[in-house]
Amino acid sequence: MLYKNFKDTSLSCLGMGNMRLPIKQGGSDKDIDYEKAQEIIDYAMEHGINYFDSAYVYHSGESERFVGQALKKYDRDSYFITTKYLLGANPDYKATFEEQLKRYDREKIDFYLIHAIGDQNADTYLTNGCIEYFLEQKRLGKISYLGFSSHSSPETLRKFASHHEWDFAQIQLNYYDYLYGTAKEEYDILKELGIPVVVMESVRGGRLSSLPPKAEEILRNTHPDWTISSWAFRWLKKLDNVIVSLSGMSNLEQIKDNVNTYSDDRALTEEEEELVFKAARMLHDELVVPCTECRYCIDTCPAQINIPGMLKVYNRFKLEGPWALGALKEVTSEGKPEDCVNCGNCTEHCPQSIKIPDLLAELAK
């Protein structure tokens, strides 16, 4: 296992995410299959992973309890447990922290984060007293290292990161978001401020584990012995301010592959990096509808559907999965996707020749 020095300790460069643990057949999200999940934790420990990430809401609160139990048989000094305070789940940060200690059945949390900083909640986090409370818990020895996870804009990230001297920060970082999102700017801000980075969404929720066939062909022809997922992790190895890259491993096949990737410090060369960027562009071209928001389609729509707004959600859905569809309720629109009458006026007036009725029908479904 590859390790990096962090302050007064050493962390495995591969971290175990505990948001996507195996669940019992026919069960809900909270019904973790303890036997199968324990096998994954045991394999992680046997192969040098020492960073175990969870959160108050993962698996409806059962993730923390499982991780605490699964690691009980190991020396407390051989691993680090991580969890987070989420404002939206329970604003009472004191009660949340005490409950988390009980769930883990531990006297301290090694790495603790203010969870999911966003443009809408950052000011509340900064002013509701939670940061001062957790800094006090750190002083008391109940927290070893205090950080935050961010899904905010770069501007909000800089503001939050500048609040005090944070120990670390967690951001969504992968080669796709480096090209098409704000990940590069976020990473550069944290590096500039001297804040080490823990990576979430290393393979974008699995999206970078399954690329368009032609993209996969390019990568496999270059390294037939590498899995598609391993390219994403080897790209992260290039970034010197990354201390841990998380992977929400759901089965033994995934963890074995990732452990193999982190058995050495082999990162991507500049030429190989260009190949994954090429693969990212191919993925982008295949999934993303090239809407320019010219709004010609709206003028002729009998149902008065905000088509550009709907297509923006459609693109998120194709890249991020079904959860992104929740953004449909935020689109200001008189008509809904299911109101489309398939008249074809929108397609006729679309400069990009997008087959809009087909996409609206998919959204409606």
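Residues numbered from 1 in each chain as written. Predicted model: local features only at pLDDT ≥ 70, side-chain atom pairs only at ≥ 80, totals over all residues. Heavy atoms only, no water.

**A word on the nonpolar core**
If you look at the biggest cluster of nonpolar residues, it comprises 84 residues, and the most contacted ones within it are Phe52, Phe134, Phe148, Phe160, Leu173 and Trp235. The contacts of Phe52, once residues within four sequence positions are left out, are Met16, Asn18, Ile41, Ala44, Met45, Val67, Leu71, Tyr79, Phe80, Ile81 and Thr82. Grouped together as the second largest cluster of nonpolar side chains are 20 residues, Ile305, Leu311, Cys350 and Ile354 included. (Core = buried A, V, L, I, M, F, W, Y, C linked by side-chain atoms within 4.5 Å. Buried < 20%, exposed > 50% of the residue type's maximum accessible area, 1.4 Å probe, protein only. Contact = heavy atoms within 4.5 Å.)

**A few points about the pattern of salt bridges**
Per the counting criterion, the structure on display carries 23 salt bridges. Asp167 serves as the salt-bridge partner of Lys138, at 2.7 Å between the closest nitrogen and oxygen. In this pair, Lys138 is assigned in helix 5 (residues 130-139) and Asp167 in the loop between helix 6 (154-161) and strand 8 (168-172), connecting sequence segments 29 residues apart. Assessed through its relative accessible area of 29%, Lys138 is described here as partly exposed. The buried category is assigned to Asp167, whose relative accessible area is 6%. (Salt bridge = Lys/Arg side-chain N within 4 Å of Asp/Glu carboxyl O. Helix = DSSP H or I, 4+ residues; strand = E, 2+ residues; numbered from the N terminus.)

**Notes on the pairing of strand 2 (residues 9-12)**
By the bridge criterion, 4 bridges tie strand 1 (residues 3-6) to strand 2 in an arrangement that is antiparallel. Bridge pairing in strand 2 places Tyr3 opposite Ser12. Two successive antiparallel strands, strand 1 and strand 2, enclose a turn made up of 2 residues, where Lys7 displays a positive phi of approximately 50°. (Pairing = 2+ DSSP bridges.)

**Some words on the layout of surface pockets**
There is about 160 Å³ of room inside the second largest pocket. Together, Asp8, Thr9, Arg76, Asp77, Tyr79, Phe80, Lys108, Asp110, Ser144 and Tyr145 line the second largest pocket. Residues of the lining of the second largest pocket, tallied by class, amount to 3 nonpolar, 2 polar and 5 charged. (1 Å grid on protein atoms, 1.4 Å probe; cavity = no way out; pocket = protein on both sides within 12 Å on 5 of 7 lines; lining within 4 Å. Points joined across faces, edges and corners; volume = space filled by probe spheres on them. Nonpolar A, V, L, I, M, F, W, Y, C, P; charged D, E, K, R; others polar.)

**Some details on helix 10 (residues 228-236)**
Within helix 10, 9 of the 9 residues are buried, which leaves it mostly tucked inside the rest of the structure. When we look at burial in helix 10, the residues that qualify are Ile228, Ser229, Ser230, Trp231, Ala232, Phe233, Arg234, Trp235 and Leu236. On the buried face of helix 10, the contacting elements are helix 7 (175-180), strand 9 (197-200), helix 9 (213-222), strand 10 (242-247), helix 11 (252-261) and helix 12 (270-287).

**Structural notes on the state of the cysteines**
This structure, assessed with the given rule, holds 0 disulfides. Looking at Cys294, it has no disulfide partner, and the nearest cysteine sulfur is the one in Cys297, 6.1 Å off. Among the residues examined, Cys294 registers a relative accessible area of 32% and is labelled partly exposed. Considering cysteine sulfurs only, Cys346 is the nearest to Cys340, which forms no disulfide, with 6.1 Å between them. (Disulfide = S-S within 2.5 Å.)

**Side note on the pairing of strand 3 (residues 14-17)**
Every second residue of strand 3 is oriented toward a common face, with Leu14 and Met16 on one face and Gly15 and Gly17 on the other, all of them buried. Pairing between strand 3 and strand 10: 3 bridges, direction parallel. For Leu14, the partnering residue across the bridge sits in strand 10 and is Ser245. Pairing analysis gives 2 bridges linking strand 3 to strand 4 (residues 51-53), with the strands arranged parallel. By the bridge assignment, Gly17 is partnered in strand 4 with Asp53.

**Observations concerning the packing of helix 14 (residues 307-320) against helix 16 (residues 356-364)**
Remark: helix 14 packs on helix 16, axes separated minimally by 10 Å, with the N-to-C direction vectors making an angle of 60°. By the criterion of interaxial angle, the relationship of helix 14 to helix 16 is oblique. Here the hand of the crossing between helix 14 and helix 16 comes out left-handed. On the side of helix 14, the interface is formed by Ile307, Met310, Leu311, Tyr314, Phe317 and Lys318, while helix 16 contributes Ile356, Leu359, Leu360, Glu362 and Leu363. Looking at the contact of helix 14 with helix 16 residue by residue, the class counts come to 9 nonpolar, no polar and 2 charged. (Axes fitted to C-alpha atoms, helices over the stretch in contact; angles between N-to-C directions. Parallel < 35°, antiparallel > 145°, perpendicular 65-115°, else oblique. Left-handed = near helix turned anticlockwise from the far one by under 90°.)

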